[in-house]
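Residue strings, one per chain:
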Amino acid sequence: MEKQLPKTGKFGWTYGLISGVIGIVFGVMLYTQDMHYQQNTAVTVIQVVIGIAVIVWAILAFKKANEGYLTISQALKIGAGVALIGALIAVLYTVVLSNFIDPDFAAKVMDDRMANSPQAADLTAEQIRQQKEMGIKYFW
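To keep things clear, this report deals only with the structure shown in the data block. (Residues numbered from 1 in each chain as written. Predicted model: local features only at pLDDT ≥ 70, side-chain atom pairs only at ≥ 80, totals over all residues. Heavy atoms only, no water.)

1. Some thoughts on the overall build of the protein
Move 1: Helix and strand counts for the protein come out as 5 helices and 0 strands.
Move 2: Reading the helices (α) and strands (β) of the protein from amino to carboxyl end gives α-α-α-α-α.
Move 3: Looking at the protein as a whole, 27% of its 140 residues are labelled buried.
Move 4: In the protein, 71% of the contacts between residues at least 6 apart in sequence involve partners at least 24 apart.
Move 5: As displayed, the protein has an accessible area near 9500 Å², and 67% of this comes from carbon and sulfur atoms. (Helix = DSSP H or I, 4+ residues; strand = E, 2+ residues; numbered from the N terminus. Buried < 20%, exposed > 50% of the residue type's maximum accessible area, 1.4 Å probe, protein only. Contact = heavy atoms within 4.5 Å. Areas by Shrake-Rupley, 256 points an atom, 1.4 Å probe, with all protein chains shown as cover.)

In structure tokens:
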């Protein structure tokens, strides 16, 4: 009887969902700390490390299920699948967050960007207001 080989798509879906759930948990954690609109280096590094860790975990799980055999093509398929599914879940979470959970999300992002912008010190209050309005308009 011929042995069933594991499918890369199954691992992409499974670990992509895991990546998405971990990302949502991290996003909710940021939301509860009122840090979800801030973009700083530490948050970005943590998000990238989570993504890479789940992709490596998926590839190693596939290799183990395939009796230690893994081609570069299979690894790339699994990595792309995990990243794609995780990114789609992250986009859905962001849409729900910005439209239903925190409708002022765009305004908070613009306030944070303007407060941390070196050019904002040279602008008048009216110019800052106009920049904010334009940013929010194009943001959504």
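2. Points about the side chain of Ser98
Move 1: Looking at where Ser98 falls in the secondary structure, it is placed in helix H3 (residues 72–101).
Move 2: Look at Ser98 and you get buried, because its relative accessible area is 5%.
Move 3: Of the polar contacts made by the side chain of Ser98, one reaches the backbone oxygen of Val95; its length is 3.4 Å. (Polar contact = N/O pair within 3.5 Å; in protein donor to acceptor, adjacent residues only side chain to side chain.)

3. Structural notes on the pattern of salt bridges
Move 1: One pass over the structure, following the stated rule, counts 1 salt bridge.
Move 2: Here Lys108 ties to Asp102 by a salt bridge, and the two come within 3.3 Å at their closest N and O atoms.
Move 3: Taking the relative accessible area as the measure of exposure, Lys108 reaches 27% and is therefore partly exposed.
Move 4: Of the residues examined, Asp102 reaches a relative accessible area of 6% and is grouped as buried. (Salt bridge = Lys/Arg side-chain N within 4 Å of Asp/Glu carboxyl O.)

4. Quick look at the nonpolar core
Move 1: Within the largest apolar cluster, 10 residues are counted, these being Phe11, Tyr15, Val54, Ala58, Ile59, Ala61, Phe62, Ala75, Ile78 and Val82.
Move 2: Of all the secondary-structure elements, those providing two or more residues to this core are helix H1 (8–32), helix H2 (41–65) and H3.
Move 3: Among the elements that take part in this core, H2 stands out by supplying 5 residues, more than any other.
Move 4: In contact with Val54, not counting residues within four places along its chain, are Tyr15, Ser19, Ile22 and Val82.
Move 5: Tyr37, Tyr93, Phe105 and Val109 belong to the second-largest nonpolar core, a separate cluster that totals 5 residues. (Core = buried A, V, L, I, M, F, W, Y, C linked by side-chain atoms within 4.5 Å.)

5. Some thoughts on the side chain of Gln74
Move 1: Tracing the chain through its elements places Gln74 in helix H3.
Move 2: Residue Gln74 is classed as buried on the basis of its relative accessible area of 18%.
Move 3: In contact with Gln74, other than residues within four places in its own chain, are Thr8, Phe62, Asn66 and Tyr69.

6. A few points about the environment of Arg129
Move 1: Considering the arrangement of structural elements, one finds Arg129 in helix H5 (residues 125–139).
Move 2: For Arg129, a relative accessible area of 37% corresponds to the partly exposed category.
Move 3: Along the chain, Arg129 and Asp111 lie 18 residues apart, while their C-alpha atoms are 9.7 Å from each other.

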